[in-house]
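Here's the letter readout for the chains.
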Amino acid sequence: MLKPTVGPIIGHTTPHQARIFVRGEWQSGASVFAGIRYRRIGDERWNKARFRQLMNLRDMSDVIVLHDLAADTEYEYQAGWFSPTNPGHTLETVQDLPLQWPGDVFRLRTPSSQPTTPRAYIIGSCRYLSMTAGVPWAPHLGDRIFASISTLAQRATPPISAMLMTGDQVYVDDLNFIAPDREYQEILAKYRTAFSQPHIAKLMSCMATYMILDDHEIEDNWPANKSRHDEHLYKNAITAYELYQASHGPAHQLNEEGQISHPLKQYWYQFTHGDIDWFVTDSRTRRSLAANDRRILDIEQEQTLCHWLIHSRARIKFVVTSVMFYPDRQRPADDAWEAFPEQRLRLLETIRTHRIRNVIFICGDVHGSLTSRLTHSEDSDFEVHTIVSSPLCNSKLLPYAKNSTFIFDQPLARTAAGDYRHQLNGKVISQDNFAHLIVDSEEIHVRYHDRDGNLLQSTRIELNRAEICSKA
């Protein structure tokens, strides 16, 4: 067996299941299979290996789902691919082959099933990696921050439950003004390169990683900048996104064999860790720019999100949106939620009128990091927070956001029932960074670190005690 050409990437992981992405290599006229074997740390015998046949239609990649895992348990696993000499082999017959597994041994940890267990997360977005004629330029610049995340994760208490990558994991349009990538193979090459750099590859092989796209996975400010010639670009970009980002996430249902079911219905999804619920929105591909019905989320997604907010029994509700929910920019922008004020107000009113507590919006996109608190002038019980983490690696061509980028001295929205007012906690961080979230029984600690792992800023978000007691 050979080492994966991309991966392994650990995706959606529950107390009893893990999805792992593996890519092999096309072999002319021959079948290709990927396999994973695993065992608990300390066990001598490996569990029965799991295999998938790799197809060129999926860029020789697939996701292998491990079942019947134990909660809050550390496993080790090996992954690889091979092409048997006998072309007649099937998924059943390769089980009996005397395979020589690659020497690399990876680790994964299943989350605890206990509701009140403290959890921790890594949040980041906007990882710029420039490629010219298919060759990455200074790729170590976009990779070194992941070494710092790995170092932090090795000593973190509580252990990191997952990494949330909230948009612009690749820049398909990094050379938009010179030679934009539009062809499928060009975009696939960008993903292979971006996800195969040594530090990010090491990190994703041992930490559950959840992803959602933003505009640069397609084109800057999509779909506002869409032209009549861009259907070809969109098809290629979104197919690559489905293979490399959506494939190992919770948006996919499992079939009767317990493996990934195709095709994919939508990109937004939900997952749960104990008494923490996550709703990861697709705030990019379902937009409506019609003058009489502007939406950043389509009707089905908005209705599902509101239903989830109202009926979820989770103590904490994280809502991920790749673009800024609030605050708004000083210079009007048509790319974030500020350009869709009616829909944003509907969500805020849903939260306020249903007295929903401990709602936290997780955002990226703006190349600056911050935390901010939103309150209501006439409703002292209303409180919502936003945590923004961006960028993991900026381009010298793009500016960082700073305090003066945003509006803080005016209400976010005015209604007959009162004003929504927000305030900045700490300062806007204007450099490459990532966020380390620690969720305990009474508060969320938000710690921003620079690309070398040094602490830049630490803030605390106190959780609503009434909500905590009601869920106890």
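Just so we're clear, the structure is a prediction, and the values are computed from it rather than from any experiment.

> Any chance you could explain helix H6 (residues 341–353) here in plain terms?
The first and last C-alpha atoms of H6 sit 18 Å apart over 13 residues, in line with the 18 Å expected at 1.5 Å per residue. Those residues of H6 lying buried are Gln343, Arg344, Leu347, Leu348, Thr350, Ile351 and Arg352. Those residues of H6 that are buried are in contact with helix H5 (299–311), strand S16 (359–363), strand S17 (369–376), strand S18 (379–388) and strand S20 (418–429).

> Quick question: what am I supposed to make of the sheet that holds S17 here?
Strands in a sheet are paired, the pairing made by backbone hydrogen bonds, and the direction either parallel or antiparallel. Within the open sheet, the eight strands sit side by side as S13-S14-S15-S16-S18-S17-S20-S19. Their pairing is mixed. Strands with a single pairing partner mark the edges of an open sheet, and in this sheet they are strand S13 (269–273) and strand S19 (413–415). Between one strand and the next, the sheet's axes are offset by a mean angle of 20°, whatever the strand orientation. One ladder, built from seven bridges, connects S17 with S20; its direction is antiparallel. Along S20, the bridge assignment pairs Thr375 with Arg421. On the sheet, H6 packs against S16, S17, S18, S19 and S20 and is oriented at approximately 130° with respect to S18.

> Quick question: what am I supposed to make of the packing of H5 against H6 here?
The relative placement of two packed helices is expressed as an angle between their axes plus a distance between the axes. Where H5 meets H6, the closest approach of the two axes is 10 Å, and the angle between their N-to-C directions is 20°. By the criterion of interaxial angle, the relationship of H5 to H6 is roughly parallel. Note on packing geometry: the crossing formed by H5 with H6 is right-handed. Here Glu302, Leu305, Cys306, Leu309 and Ile310 of H5 lie close against H6, whose contacting residues are Gln343, Arg346, Leu347, Thr350 and Ile351. Split by residue class, the contact of H5 with H6 holds six nonpolar, two polar and two charged.

> So what exactly am I meant to see when it comes to the packing of aromatic side chains here?
Per the stated rule, a full pass over the model turns up 25 aromatic pairs. Relative to Tyr244, the ring of Phe21 lies with its centre 5.3 Å away and its plane at 50°, an arrangement referred to as tilted. Of this pair, Phe21 sits in strand S2 (residues 17–23) while Tyr244 sits in helix H4 (residues 231–246), and the two are 223 residues apart along the sequence. Pairing Phe406 with Phe408 gives two aromatic rings, centres 6.3 Å apart and planes at 65°, and the pair type is edge-to-face. Each residue in the set Tyr121, Tyr210, Tyr269, Phe271, Trp278 and Phe318 is aromatic and connected to the rest through ring pairs, giving one cluster. The ring of Phe340 has Arg294 lying over it, and the distance from NZ or CZ to the ring centre is 4.6 Å.

> Please clarify how the pattern of salt bridges should be interpreted in this entry.
Pairing is possible between side chains of opposite charge, provided their charged atoms come close. Tallied over the entire structure, the rule returns 29 salt bridges. Between Asp419 and Arg414 there is a salt bridge, with the nearest N and O atoms lying 3.0 Å from each other. Residue classification places Arg414 among the exposed residues on the basis of a relative accessible area of 62%. The salt bridge involving Asp419 is made with Arg421; its shortest N-O contact spans 4.0 Å. Since its relative accessible area comes to 12%, Asp419 is described here as buried. Counted as one network, the salt bridges with shared partners bring together Arg23, Glu25, Asp59 and Arg192.

> Would you mind going over the nonpolar core with me for this structure?
Generally speaking, nonpolar side chains in soluble globular proteins are found buried as a group. Among the nonpolar cores identified, the biggest contains 93 residues, and Phe195, Trp278, Phe318, Leu437 and Ile444 are the most heavily contacted of them. Tallying contributions element by element places H4 first for this core, with eight residues. Ignoring sequence-local partners within four residues, the contact set of Ile444 consists of Ile316, Phe318, Ile360, Leu437, Ile438, Val439, Thr459, Arg460, Ile461 and Leu463. Core analysis: the second largest hydrophobic core is formed by 36 residues, Trp308, Val319, Val384 and Tyr420 among them.

Reading the values: the criteria
- Residues numbered from 1 in each chain as written.
- Predicted model: local features only at pLDDT ≥ 70, side-chain atom pairs only at ≥ 80, totals over all residues.
- Heavy atoms only, no water.
- Helix = DSSP H or I, 4+ residues; strand = E, 2+ residues; numbered from the N terminus.
- Expected span 1.5 Å × (residues − 1).
- Buried < 20%, exposed > 50% of the residue type's maximum accessible area, 1.4 Å probe, protein only.
- Contact = heavy atoms within 4.5 Å.
- Pairing = 2+ DSSP bridges.
- Axes fitted to C-alpha atoms, helices over the stretch in contact; angles between N-to-C directions.
- Parallel < 35°, antiparallel > 145°, perpendicular 65-115°, else oblique.
- Left-handed = near helix turned anticlockwise from the far one by under 90°.
- Nonpolar A, V, L, I, M, F, W, Y, C, P; charged D, E, K, R; others polar.
- Phe/Tyr/Trp six-rings, centres within 6.5 Å; stacked < 30°, edge-to-face > 60°.
- Lys NZ or Arg CZ within 6 Å of the ring centre and 35° of its normal.
- Salt bridge = Lys/Arg side-chain N within 4 Å of Asp/Glu carboxyl O.
- Core = buried A, V, L, I, M, F, W, Y, C linked by side-chain atoms within 4.5 Å.

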